[in-house]
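# Fold and contact review
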Amino acid sequence: MGKGGALSEGVLKKIILSYTYVAIWIFLSFTVIVYNKYILDRKMYNWPYPISLTMIHMGFCSSLAYVIVNVLKMVEPVQMTRDVYLKSVVPIGLLYSLSLWLSNSAYIYLSVSFIQMLKALMPVAVYSIGVLFKKEGFKTQTMSNMLSISFGVAIAAYGEAQFNTFGVVLQLGAVCFEATRLVLIQILLTSKGITFNPITSLYYVAPCCLAFLSVPWMIVEFPKLRETSSFHFDYFIFGTNSICAFALNLAVFLLVGKTSALTMNVAGVVKDWLLIAFSWSVIKDTVTPINLFGYVIAFLGVGYYNHAKLQALKAKEAEKKAAQVDDESGKLLEEREGEKSSRKNESDN
């Protein structure tokens, strides 16, 4: 085969791998969401204990991460001081535990489809909190786009047949805590040169989540579980559910590492539409035309936001390349000038 054929094969292989990573992430994310809904919903498995479910996930993930890091030594731990851990990792663990607790609680009160529509507010929350913490600059155009997303979600909420105020408050709270966590990761960790992969992230953050969640669990759910003598721990259900949750963390790393964060955002939109279709066709949740109309508006706003981020990223990369070219040109010019001076000195001698 010629050079062009070999190049085509390489490009084709890369495209196939990218789509494979996307498919794996969509499948696992889809599975975890539907599985959690199945366990927590009173009309399905009927185990409405979101804190307990989240603690099972965190206990499983932190144990597995500990084995991978300290026993199998497949991943190197991140070097950090006790002070950095307490001031940076612990606050992120607190926010993550609150986000998971509230988002899992919302499955008891809201349909899967409506929860996905509410999650479209994530870019709005991240941008607003980024501006508040001065990590993002305020731009009228971006804020207008954020308002259009919010408007779309408001229409979707207006058309929701199974609207539950408490459930909406829980999901919005989860979005706010998750957005704050994402911004604080940039402020507390990335700015200090500390980066986590999914294993090290679970190794350091999951035990914090487990510790924080144990407090409300003792007050809210433990007394109820103690009274429920008929419950027997189903190792298959909770074991496979925890494995899916752990695998999802690895899939996030695989997708972002091998493609880009933007690809994950686009894949997330595809996953949301699949979940809405599944929720309507299989779970038999009611999805109204007003629901869909509102979500389409929010979807277009999120799409435009991702497009604007991509353009900004491309412009930034172009600036870096231009600066590198200028530096290289400057060094080359200096070398030539140096050579000329050397030759002149030799001729003078």
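Residues numbered from 1 in each chain as written. Predicted model: local features only at pLDDT ≥ 70, side-chain atom pairs only at ≥ 80, totals over all residues. Heavy atoms only, no water.

## Let's talk about the overall build of the protein chain
Looking only at helices and strands, one finds 11 helices and zero strands in the protein chain. For the protein chain, the α and β elements follow one another from N to C terminus as α-α-α-α-α-α-α-α-α-α-α. Across the 349 residues that make up the protein chain, the buried fraction comes to 41%. If you take every contact in the protein chain between residues at least 6 apart in sequence, the share linking residues at least 24 apart comes to 84%. For the protein chain, the exposed area adds up to about 19,800 Å²; of that, 65% sits on carbon and sulfur atoms. (Helix = DSSP H or I, 4+ residues; strand = E, 2+ residues; numbered from the N terminus. Buried < 20%, exposed > 50% of the residue type's maximum accessible area, 1.4 Å probe, protein only. Contact = heavy atoms within 4.5 Å. Areas by Shrake-Rupley, 256 points an atom, 1.4 Å probe, with all protein chains shown as cover.)

## Notes on the pattern of salt bridges
Opposite charge on two side chains lets them pair, provided their charged atoms get close. Considering all chains together, one arrives at four salt bridges under this definition. The salt bridge involving Lys87 is made with Asp83; its shortest N-O contact spans 3.4 Å. With Lys87 and Asp83 both in helix 3 (residues 82–109) and four residues apart, this pair spans about one turn of that helix. You can call Lys87 exposed: its relative accessible area is 54%. (Salt bridge = Lys/Arg side-chain N within 4 Å of Asp/Glu carboxyl O.)

## Things to note about the packing of helix 2 (residues 50–71) against helix 8 (residues 198–227)
What describes two packed helices is the angle between their axes and the distance between those same axes. Orientation of helix 2 relative to helix 8, taken along the N-to-C sense of each, is 150 degrees, at an axis distance of 7 Å. In terms of orientation, helix 2 and helix 8 fall into the roughly antiparallel class. For the pair helix 2 and helix 8, the sense of crossing is left-handed. (Axes fitted to C-alpha atoms, helices over the stretch in contact; angles between N-to-C directions. Parallel < 35°, antiparallel > 145°, perpendicular 65-115°, else oblique. Left-handed = near helix turned anticlockwise from the far one by under 90°.)

## Considering the confidence of the model for the protein chain
Segments scoring low in pLDDT should not have their predicted coordinates read at a detailed level. When pLDDT is averaged along the protein chain, the result is 86, and 87% of the positions lie at 70 or above. Of all secondary-structure elements in the protein chain, the lowest mean pLDDT belongs to helix 11 (residues 289–348), at 76, while helix 2 reaches the highest, 94. Per-residue pLDDT stays below 50 along residues 1–7; that stretch engages in one contact with residues further than four places along the chain or on separate chains. (pLDDT = per-residue confidence, 0-100.)

## Section: the nonpolar core
Grouped together as the largest cluster of nonpolar side chains are 45 residues, with contacts concentrated most on Ile39, Trp47, Leu110, Phe114 and Met117. Among the nonpolar cores identified, the runner-up in size contains 27 residues, and Val75, Tyr96, Leu188 and Ile194 belong to it. (Core = buried A, V, L, I, M, F, W, Y, C linked by side-chain atoms within 4.5 Å.)

## Some remarks on unusual backbone geometry
Here the phi dihedral of Lys73 falls at roughly 55 degrees; this positive angle occurs in a residue that is not glycine. Structurally, Lys73 can be placed in the loop between helix 2 and helix 3. Judged by relative accessible area, Lys73 falls into the exposed class, the value being 60%. With a phi close to 60 degrees, Lys134 is a non-glycine residue in the positive phi region. For Lys134, the location among the structural elements is in the loop between helix 5 (122–132) and helix 6 (140–158). With relative accessibility at 76%, the residue Lys134 sits in the exposed group.

## Describing the environment of Pro198
Looking at the secondary structure, you find Pro198 in helix 8. Here Pro198 falls in the buried class, since its relative accessible area comes to 12%. Sequence separation between Pro198 and Phe253 is 55 residues; the distance between their C-alpha atoms is 6.1 Å.

## Here's the deal with the packing of aromatic side chains
In the structure shown here, the tally under the stated rule is 16 aromatic pairs. Pairing Tyr109 with Phe166 gives two aromatic rings, centres 5.2 Å apart and planes at 85 degrees, and the pair type is edge-to-face. One end of the pair, Tyr109, is in helix 3; the other, Phe166, is in helix 7 (residues 165–189), with 57 residues separating them in the sequence. Judged by relative accessible area, Tyr109 falls into the partly exposed class, the value being 31%. (Phe/Tyr/Trp six-rings, centres within 6.5 Å; stacked < 30°, edge-to-face > 60°.)

## Some thoughts on helix 5
Every buried residue of helix 5 is accounted for by Pro123, Val124, Ala125, Tyr127, Ile129 and Gly130. Taken from the residues just after helix 5, Lys134 is the one with a positive phi, measuring 60 degrees.

## Quick look at the environment of Met218
Structurally, the position occupied by Met218 is in helix 8. Expressed as a C-alpha distance, the spacing of Met218 and Ile51, which sit 167 residues apart in the sequence, is 9.9 Å.

## So, the packing of helix 3 against helix 8
Taken N-terminus to C-terminus, the directions of helix 3 and helix 8 make an angle of 60 degrees; their axes are 8 Å apart at the nearest point. With respect to helix 8, the element helix 3 is oriented oblique. The interaxial crossing formed by helix 3 with helix 8 has right-handed handedness. For the pair helix 3 and helix 8, the contacting residues are Tyr85, Val89, Val90, Gly93, Leu94, Tyr96, Ser97 and Trp101 in the first and Tyr204, Val205, Cys208, Cys209, Phe212, Leu213 and Pro216 in the second.

## Thoughts on the environment of Val32
Positionally, Val32 belongs in helix 1 (residues 3–40). Spatially, the C-alpha atom of Val32 lies 6.2 Å from that of Cys244, the residues being 212 residues apart in sequence.

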